[in-house]
There are 2 protein chains.
Amino acid sequence: MNEFEAINLIVNRLGSVATGEGVTIGPGDDGAVVRFEPEEETVVTSDVLVEQQHFPAGSPAGLVGYRSVAANISDLSGMGARPRYLTIALTTESIDKSWLLAFADGVRACCEETGTIVVGGNLAKGPKSIAITALGSVLSGRSIARSGADVGDDIWLTGAVGASVVALKRLRLPIDGTLEEFMKIRDVDAIARYFLPIPRVDFASLLIEFASSATDVSDGLACELSQLSSASSKKMRVDLDLVPVWDCADWREAVQSDDSYEILFTAPVSKRAEIHSAAAQTKTPVAQIGYVQEGNEVELLTKQGAIEVGVGFSHF
Amino acid sequence: MNEFEAINLIVNRLGSVATGEGVTIGPGDDGAVVRFEPEEETVVTSDVLVEQQHFPAGSPAGLVGYRSVAANISDLSGMGARPRYLTIALTTESIDKSWLLAFADGVRACCEETGTIVVGGNLAKGPKSIAITALGSVLSGRSIARSGADVGDDIWLTGAVGASVVALKRLRLPIDGTLEEFMKIRDVDAIARYFLPIPRVDFASLLIEFASSATDVSDGLACELSQLSSASSKKMRVDLDLVPVWDCADWREAVQSDDSYEILFTAPVSKRAEIHSAAAQTKTPVAQIGYVQEGNEVELLTKQGAIEVGVGFSHF
C-alpha cells in the first residue's frame, strides 16, 4: 500500500466526518476549501502529539486518534469557539492498515461527538506523531482570550483534574478493550478518561455569555493559572480544597502536571446563576475554585496556608 | 531555556510576520483568532517536513524554515488562493537557540515575500519535523480544483522542473552561506533553488481568471499530471520537449520525482493571450507543455514516441 492508498483508506473510514456543510472542497486536493459565516471569526490552533512524549508507545490507535483530536478541540473550547474543521498530519514509520483504520475510528468518534469535519491532512514517513490543526468559529469580537480576567472575578473549572496523573501511573501496555468499551467507562476509569477526555464544546460555546478569560488545562492547572495571571496582569488566588481532584490522584501532581483538557475560566460574580444554568443545561460539572485579585502571581491555598508547586510540565 | 521561552524567542524573531491586519488574537493563546472577508472562502492545507525524509539532516535551519513555509504556500497557490495565515508545529529533540533563530529567519523571509502572517504554533520534543498548516483566501466559488480540466484545454507549467533532482545529487553537508546569499543565487543555483523555491503567489492569484484545473508540483510532474487526469477524468498528453528542465537535470528524473513547487494548470485555448499577459505582469515564466484529451491516462511524448516513467515518489 502506498501513501495515496493509505490516505484513501483513512478518508473512506472517516465517512461522514470527512464531508459536510460549509465544505466546498474536502480531502484530496492541494487544500480544502471551507466557508465560514460572515459575522464570525475563525479560531485556529495546532497541536502535535509525539509518541512516547504525549502518549505511550504502543497505545491503541483508536484511543490515540480520539485523544489527538480532543486535545486540539479543547484549545478551541478554551477560546469559546465551536469546532468546525480540522486537518491531520500523520507521520509513521510504516503503513499498517489495521493501525490506520483504528486511528481513523478514534478520530471519527471525537469528530462525531463534537460536530467537526476532517477537511484534509498529510501522511509522511517518520517517527510516529500526529499534528492536527483545528479551525473553529466564534461570533466576531466574542472570542475569550486569557487576558480579560478582572479583579473580583470568580475562577471556575469544569470537571476535575488528575485523571491523566492516575492513568499514566497505572498504564501497562498492551491494554485490551475496544474504543466503544473505553467510551462507556470514561466517567469512572482514569485510563479511559486519559485517552478520551470529554470535549466541553457545548459548555464552551456558552462561555461568551459570561467568561472574562479562559483557557483549557493542557499543561497542569498551576501553569494555566499562571498563563491567565500574566496575560491578565492579575493575581489568581485558588483554594485547593475547592479544586475537584480525580479519585486516587495525588493532589499536588494533579495541580502540577495534569492534562485532562478541562476548561479554566474567570467570570464576574454577577454571572454565577447563569454559569450554573449553563452547566446544568450542558450536563457539565463546574466548580468555583477561587477569585481574581490585584497582583501578578498565582496563590494556591490549603488549610495550612499558601503552598508552592512546580509550575507546568516542560518537555525539554 | 524551556519551551515557553523558546516559543517567545521564535515569535519575537518573526517580528512583523507574527501580527497584522485580520488578526484579532495572534500567537500565545490557546488559538489564534483571524478574520476573513465575507465574500471569500478559506483554503486550508497541511504539510509535514520530516528531517532526512524531506530535507537532509544537518541542513541549515534558515533554509529549512523557508522551504517548509514555501511547500505549504505552494499548495494554496495550486488552488488559486492567496496565503493569509499559518501555524507552525515544530518538534525537536532539544532546544538550540541559534537553530531556532535561524529557522525563524527562514520562516520570516518566506512570509514577508508572500504576505503571510504566522498566527500560532506548537513546540514539542521529538525527532525533528515541521508541520505547517496554511490558510489562504479565494473569492467564493472561485477556487481551482484538480477536477476542472476540459477536452481541448492547454496544459501549462510555471518555471522549470528538476532543480531539486540536481540539488539532492550535489548536496554535501555542511554547506556554507547565509540565507541572504542563497536568496540571491536561487535563479541559477540548484541547491539554493531546492531550499528556496520561488513562491508563485502573484501568478497563482490570477489563476481564477483563466485556469480550469491546477495543482502544485510537489510529487513529480508525472504524478501531478496523473492527479489532474484522474480528478478531471481526462487524458493529459504532454510533449516532454516542451517541458522546461533545470540545467544538468536528468529529464526522466525531473519528470518523475522533482518537487520544485511550480504550478501545473490547464486552461482553455482562448485564454492564451491572457496567460502570457499574467505571466509577464508577475514576471513568471510559463510554458505550454501539452493538451487535454478524451481519456483517463497520462501520455508523455518524446521525439521517439510515448514513453513510460515511474509515477511519483512514494515515501513508504
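Refer to the structure presented above.
Residues numbered from 1 in each chain as written. Chains lettered and ligands numbered in written order. Predicted model: local features only at pLDDT ≥ 70, side-chain atom pairs only at ≥ 80, totals over all residues. Heavy atoms only, no water.

A.B. asks: Sorry if this is basic, but what is going on with the relation of the copies chain A and chain B here?
C.D. replies: One copy of the chain maps onto the second through a rotation about an axis and a displacement along it. Each copy superposes on the other: chain A lies on chain B with an RMSD of 0.0 Å after a rotation of 180° and an axial shift of 0.0 Å. Here the copies are linked by what is in effect a two-fold axis. Identified as the residue of chain A closest to the rotation axis by C-alpha distance is P38(A), at 2.2 Å. (Least-squares fit on C-alpha atoms with pLDDT ≥ 70 in both.)

A.B. asks: Explain the interface of chain A and chain B to me, please; I cannot follow it from the model alone.
C.D. replies: When the parts come together, some accessible area is lost, and that loss is often what is quoted as the size of the interface. Of the residues lining the interface, 61 residues belong to chain A; the matching set on chain B comes to 61 residues. When chain A packs against chain B, the two sides together hide about 4,800 Å² of surface, and 58% of this comes from carbon and sulfur. Counting the surface chain A buries against chain B, the share from its top three residues, D30(A), K125(A) and F316(A), is 17%. Summed over the shared surface of chain A and chain B, the result is 6 salt bridges. Put simply, D30(B) and R146(A) hold a salt bridge, and the shortest N to O gap is 2.9 Å. Between the two partners, chain A and chain B, sit 27 residue pairs in polar contact (both at pLDDT 80 or more). Here the side of chain A that touches chain B takes 9 residues from strand β3 (residues 40–50) of chain A, the largest share from any one element. Its residues assigned to classes, the side of chain A that touches chain B comprises 25 nonpolar, 24 polar and 12 charged. Bridging between β3(A) and strand β2 (residues 32–34) of chain B involves 3 bridges; their strand directions are antiparallel. If you follow T42(A) over to β2(B), its bridge partner there is V34(B). (Contact = heavy atoms within 4.5 Å. Buried area = accessible area lost by both parts, 1.4 Å probe. Salt bridge = Lys/Arg side-chain N within 4 Å of Asp/Glu carboxyl O. Polar contact = N/O pair within 3.5 Å; in protein donor to acceptor, adjacent residues only side chain to side chain. Helix = DSSP H or I, 4+ residues; strand = E, 2+ residues; numbered from the N terminus. Nonpolar A, V, L, I, M, F, W, Y, C, P; charged D, E, K, R; others polar. Pairing = 2+ DSSP bridges.)

A.B. asks: Would you mind going over the side chain of R193(A) with me for this structure?
C.D. replies: All names here are of chain A. Structurally, R193 can be placed in helix α6 (residues 190–195). Judged by relative accessible area, which is 10%, R193 ranks as buried. Within the structure, R193 has its side chain in polar contact with the backbone oxygen of R186 (distance 3.1 Å). Apart from the residues lying within four places of it in its own chain, the contact partners of R193 are A163, R186, D187, I198, R200, W246 and E262. (Buried < 20%, exposed > 50% of the residue type's maximum accessible area, 1.4 Å probe, protein only.)

A.B. asks: Hey, could you run me through the pairing of strand β4 (residues 82–92) of chain A in this one?
C.D. replies: It is a general feature of regular strands that their side chains alternate between the two faces of the sheet. Residue and element names in this part refer to chain A. Where burial is concerned, most of β4 is hidden: 10 out of the 11 residues are buried. Here β4 runs beside strand β6 (residues 129–139); their pairing, made up of 9 bridges, is antiparallel. Directly across from R82, in β6, lies its bridge partner S137. Where β4 meets strand β5 (residues 117–125), 8 bridges bridge the pair, whose relative direction is parallel. Considered in β5, the bridge of T91 is made with A124. With helix α3 (residues 97–114) bridging β4 and the parallel β5, this β-α-β connection has right-handed handedness. (Right-handed = clockwise from strand over helix to strand, strands pointing away.)

A.B. asks: Mind showing me how you'd approach the packing of helix α1 (residues 3–14) of chain A against α3(A) here?
C.D. replies: Residues and elements named next belong to chain A. One way to put it is that α1 packs onto α3 with a least axis distance of 9 Å and a crossing angle of 35°. Every pair of crossing elements has a handedness; the one defined by α1 and α3 is right-handed. Listed contacts from α3 to A6, L9, I10, R13 and L14 of α1 are K97, L100, L101, A104, D105, V107 and R108. Taken together, the residues of the contact of α1 with α3 sort by class into 8 nonpolar, no polar and 4 charged. (Axes fitted to C-alpha atoms, helices over the stretch in contact; angles between N-to-C directions. Left-handed = near helix turned anticlockwise from the far one by under 90°.)

A.B. asks: Sorry, what's going on with the nonpolar core here?
C.D. replies: Counting 97 residues, the largest nonpolar core has F103(A), L207(A), L264(A), F265(A), I289(A) and L300(A) as its most contacted members. Counting residues in hydrophobic clusters, the runner-up holds 96 residues, among them A6(B), F103(B), A163(B) and L179(B). (Core = buried A, V, L, I, M, F, W, Y, C linked by side-chain atoms within 4.5 Å.)

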